[in-house]
Amino acid sequence: AAPPAPRAGVAATSVLRTTMWLSRCAGASLAADKGEGNVLVVWDFDWSLVNENSDTYVLRELAPALTDEMKQLQAERPAIFGKGKWTALMDHLLTKLGEEHMVGRRQIEHCLEGIPVFVEVIQVVRELAGRGCEQRILSDANSVFIDEVLRAASLKRHFSAVATNFGAWEPYMREDHDDHATHNDDILRVAPYQPRDRPHGCPRCPENLCKGAVLDQWRAELRPRRVVYVGDGSGDFCPCLRLRAGDTVCARSGFPLAKKLEAMKDDAKVLDARVAYWEDGAELARALRAAAN
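Below: a short report on this structure. The shown structure was predicted, so the numbers you read here are calculated from the model rather than taken from an experiment. (Residues numbered from 1 in each chain as written. Predicted model: local features only at pLDDT ≥ 70, side-chain atom pairs only at ≥ 80, totals over all residues. Heavy atoms only, no water.)

## As for unusual backbone geometry
Despite not being glycine, W47 has its phi angle at roughly 60°, a positive value. Here the phi dihedral of S154 falls at roughly 55°; this positive angle occurs in a residue that is not glycine. Inspection of the secondary structure assignment puts S154 in the loop between α10 (143–152) and β4 (161–175). Judged by its relative accessible area of 47%, S154 is partly exposed. (Helix = DSSP H or I, 4+ residues; strand = E, 2+ residues; numbered from the N terminus. Buried < 20%, exposed > 50% of the residue type's maximum accessible area, 1.4 Å probe, protein only.)

The structure is reproduced here in structure tokens:
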């Protein structure tokens, strides 16, 4: 069967958003208010700010059968759900999570409250905010997941902006199989950060988001004296190539970003930024403290 077409609610919401999904988090002071020359710390979300992949975590915890279906869809329908089509795949599976597995909004929110986060990461986010660092999230997850995790961890006020795929709760009416009563709930739908009619044109990045382009926009906007980038995945490689001398990339050891950066050394290619590798929250916190000085 073909993937479900976006319902009117999601389509309308996508039209109403400006051009791409960029939120400013309530409570965070912006570098523009503090003056130029601050340190900008850019966080990836999955496997960086949190110690999990939030998308697969929710599916695994709430409907394990969907993780098997995810792999099957990627293998059998690569043009729709294969490499570079992660957002479309997650929209399809999150729809099924609500419609077929009857997992509602509160269950998803409760699940996200328990996602693993290194204690040291929570501490260093607060510490960097206290130092006056500008902290932003640049992620291939979605706005609903990120917002819920930040809220649960009491970290939302420490981030001035989040650039990620757009998420929205869509009203859904279902019938209970046991009592045949009708229940109202919400289904989570997601849409790509990059508008489909305006491709970013970067050959390194998936069609839904070029993190390098967003980083360039943020640098032009804030003009920080230094950028510190925390990441782990292949999508973090493009922004790392745009870092400059004096910047630092904190790459998680054993993950795709670290492997790509290590391969650059073998090819005698030069990365302008300093690289700090980390394996756990304690190592990441030490690297961030050093890089933000």
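Now, onward.
## Quick look at the packing of aromatic side chains
Considering all chains together, one arrives at one aromatic pair under this definition. Between W47 and F255 the ring centres are 5.7 Å apart and the planes differ by 50°, which places this aromatic pair in the tilted class. Placement of the pair is W47 in helix α3 (residues 45–49) and F255 in the loop between β7 (248–252) and α13 (256–266), with a sequence separation of 208 residues. Note that R136 overlies the ring of W218, its terminal NZ or CZ placed 5.1 Å from the centroid. (Phe/Tyr/Trp six-rings, centres within 6.5 Å; stacked < 30°, edge-to-face > 60°. Lys NZ or Arg CZ within 6 Å of the ring centre and 35° of its normal.)

## Brief notes about the pattern of salt bridges
This structure, assessed with the given rule, holds 20 salt bridges. Close ionic contact of E109 with R105 constitutes a salt bridge, the shortest N to O distance being 3.0 Å. One end of the pair is E109 and the other is R105, both in helix α8 (residues 105–113) and four residues apart, which spans about a single turn. On the accessibility criterion, E109 (16% relative accessible area) is buried. Taking the shortest distance from any N to any O, the salt bridge between R219 and D247 comes out at 2.6 Å. Note that R219 is positioned in helix α11 (residues 211–222) and D247 in the loop between α12 (237–241) and β7, a separation of 28 residues in sequence. There is no split in this pair, since R219 and D247 are both buried. Three or more residues are tied together by salt bridges with common partners; here these are R105, R106, E109, E113, E148, R151 and D186. (Salt bridge = Lys/Arg side-chain N within 4 Å of Asp/Glu carboxyl O.)

## Some points on the packing of helix α4 (residues 54–62) against helix α7 (residues 86–99)
Each pair of packed helices can be described by the angle between their axes along with the distance between the axes. It is the contact of α4 with α7, at a shortest axis distance of 11 Å, that shows an interaxial angle of 25°. By the angle between their directions, the pair α4 and α7 is classed as roughly parallel. By crossing handedness, the relation of α4 to α7 is classed as left-handed. Contacts between α4 and α7 involve D55, T56, V58, L59 and L62 from the former and W86, M90, L93 and L97 from the latter. (Axes fitted to C-alpha atoms, helices over the stretch in contact; angles between N-to-C directions. Parallel < 35°, antiparallel > 145°, perpendicular 65-115°, else oblique. Left-handed = near helix turned anticlockwise from the far one by under 90°. Contact = heavy atoms within 4.5 Å.)

## Examining the nonpolar core
The biggest cluster of nonpolar side chains holds 56 residues, and the ones touching the most others in it are W43, L49, I137, C250 and L288. At six residues, the largest contribution of residues to this core is made by helix α14 (residues 281–292). Counting 23 residues, the second largest nonpolar core, distinct from the first, contains L40, L215, V249 and A273. (Core = buried A, V, L, I, M, F, W, Y, C linked by side-chain atoms within 4.5 Å.)

## Digging into the side chain of N165
Considering the arrangement of structural elements, one finds N165 in strand β4. In terms of polar contacts, N165 uses its side chain to reach the side chain of N208, at 3.0 Å. When near neighbours in sequence (up to four residues on either side) are disregarded, N165 contacts T87, S139, D140, A141, N142, S143, A191, P192, Y193 and N208. (Polar contact = N/O pair within 3.5 Å; in protein donor to acceptor, adjacent residues only side chain to side chain.)

## Overview of helix α9 (residues 119–130)
The terminal C-alpha atoms of α9 lie 17 Å apart, and with 12 residues this matches the ideal 16 Å at 1.5 Å per residue to within 8%. Within α9 the residues assigned to the buried category are V121, I122, V124, V125 and L128. On its buried side, α9 packs onto β2 (39–43), α3, β3 (134–142) and α14. Directly beyond the C-terminal end of α9, a positive phi value near 95° is found at G132. (Expected span 1.5 Å × (residues − 1).)

## Notes on the packing of α4 against helix α5 (residues 65–76)
Between α4 and α5, whose axes approach to 6 Å, the crossing angle comes to 130°. Put simply, α4 runs oblique to α5. Along its contact with α4, which presents T56, L59 and R60, the element α5 presents L66, T67 and M70. Among the residues forming the contact of α4 with α5, the class breakdown is three nonpolar, two polar and one charged. (Nonpolar A, V, L, I, M, F, W, Y, C, P; charged D, E, K, R; others polar.)

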